[in-house]
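Structure at a glance
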Amino acid sequence: MSADIIDGKAFAATIRAEVARDTALFREKTGIRPGLAVVLVGNDPASEVYVRNKGIQAKEAGFASLEYKLPADTTQEALLAKVAELNADPQVHGILVQLPLPKHLDADAVLNAITPDKDVDGFHPVNVGRLWTGNPVSIPCTPLGCSLILRDRLGDLAGKRAIVIGRSNIVGKPMVALLLAANATVTIAHSRSPDLPALCREADIVVAAVGKAQLVKGDWLKPGAIVLDVGINRITEGDKIRLVGDVDFASAVETAGAITPVPGGIGPMTIACLLRNTLACAQALHGQP
Ligand code: GUN
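Let me sum up the structure you'll find in this document. (Residues numbered from 1 in each chain as written. Predicted model: local features only at pLDDT ≥ 70, side-chain atom pairs only at ≥ 80, totals over all residues. Heavy atoms only, no water.)

1. Side note on the sheet that holds strand β11 (residues 258–259)
By way of backbone hydrogen bonds, the strands of a sheet pair with one another, either parallel or antiparallel. Pairing in this open sheet of six strands is parallel, and the strands run β1-β11-β8-β7-β5-β6 from one edge to the other. With partners counted over all chains shown, the strands left at the sheet margins are β1 (4–5) and β6 (185–189), one partner each. Relative to β6, strand β5 (residues 161–165) runs parallel, the two being bridged by five bridges. The residue of β6 that forms the bridge with I165 is A189. Its contacts with the sheet put helix α6 (residues 141–154) on β1, β7 (205–208), β8 (226–229) and β11, and the angle it makes with β8 is roughly 160°. (Pairing = 2+ DSSP bridges. Helix = DSSP H or I, 4+ residues; strand = E, 2+ residues; numbered from the N terminus. Contact = heavy atoms within 4.5 Å. Axes fitted to C-alpha atoms, helices over the stretch in contact; angles between N-to-C directions.)

2. Looking at the sheet that holds strand β4 (residues 94–97)
Read across the open sheet, the three strands follow the order β3-β2-β4; overall the sheet is parallel. Unpaired on one side and paired on the other, β3 (64–70) and β4 mark the two borders of the sheet. Pairwise comparison of adjacent strand axes, ignoring direction, gives a mean angle of 15° for this sheet. By the bridge criterion, seven bridges tie strand β2 (residues 35–41) to β3 in an arrangement that is parallel. Each bridged residue has a counterpart across the sheet, and for L36 the counterpart in β3 is S65. Strands in contact with helix α2 (residues 45–60) are β2, β3 and β4; relative to β2, the strand with the most contacts, it is inclined by about 170°. Its contacts with the sheet place helix α3 (residues 76–88) against β2, β3 and β4, and it is angled at close to 180° to β2.

3. Digging into the site of the ligand
Near the ligand, the surroundings consist of Y50, L96, V97, Q98, L99 and D121. Contact between the ligand and Q98: a nitrogen atom at 2.9 Å from a side-chain N or O atom of the residue. The separation between a nitrogen atom of the ligand and a polar main-chain atom of L99 is 2.8 Å. Surface burial for the ligand is 80%, taken as the share of its 280 Å² of free accessible area covered by protein chains. Its atoms largely coinciding with the cavity grid, the ligand occupies the largest pocket. (Near = heavy atom within 4 Å. Polar contact = N/O pair within 3.5 Å; in protein donor to acceptor, adjacent residues only side chain to side chain. Areas by Shrake-Rupley, 256 points an atom, 1.4 Å probe, with all protein chains shown as cover. 1 Å grid on protein atoms, 1.4 Å probe; cavity = no way out; pocket = protein on both sides within 12 Å on 5 of 7 lines; lining within 4 Å. Sits in = over half its atoms within 2 Å of the grid points.)

Structure, rendered in structure tokens:
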């Protein structure tokens, strides 16, 4: 048996089309164009690619896209001043400061300075609290993408056993909150959990977000499980570099019922969810449902 391979690229395109449709309705009703501001400090090549793609997709959705590229030696004060300016700008409904920031900057202080109502990453402690108390506007984009895929495939998750491998603030912890909200029974595992294979074998849903290349093997899976692979790891094979996830795809595809590939699985969902959060922030800021 071989698993269904979940096409994240196609699903993300569907989400973007929904956002574009709802954005057009919002603009018709309010005369307001949602604005997404992205701040990039320095010139990390991967971040530049992300930011460029965010800009292109934001415009395609009907948003105003504002990009601020600050030099690598930007001071904490200057970055906080930029965030304060965007907090106060009525044309801006969503603010994203691209991570990672250069080492001399305090990322937590910067993320905490973004006004929670424009925090399209959902990283501000107020939004973390809103997520756990069941009343979120912005939900961290990668777990939101995972949860939309699960809803599409499985509907309500009542009666399902899920395992989240990884406990980061960006993916693991918010993923757990979303699975609980969808009525799954959730195990949180991580690099220090003993007997990870046995924990995994109990799960109908496996979310791998631990940052270890090809950690989860096919024989760790319950037959028919749905496997969401959030990992993006670069491995060298001979003289080639290859992108792989946290799941050993070749063996997992034999046991799983459905699986997201890397690349082309969860990755494309992230920007689609960022657009969804931006529209949600614009709607909430202007009292629209
Ligand atoms: N860098 C890589 N992914 C992300 C993301 O989702 N949000 C932010 N702010 N930075 C990132």
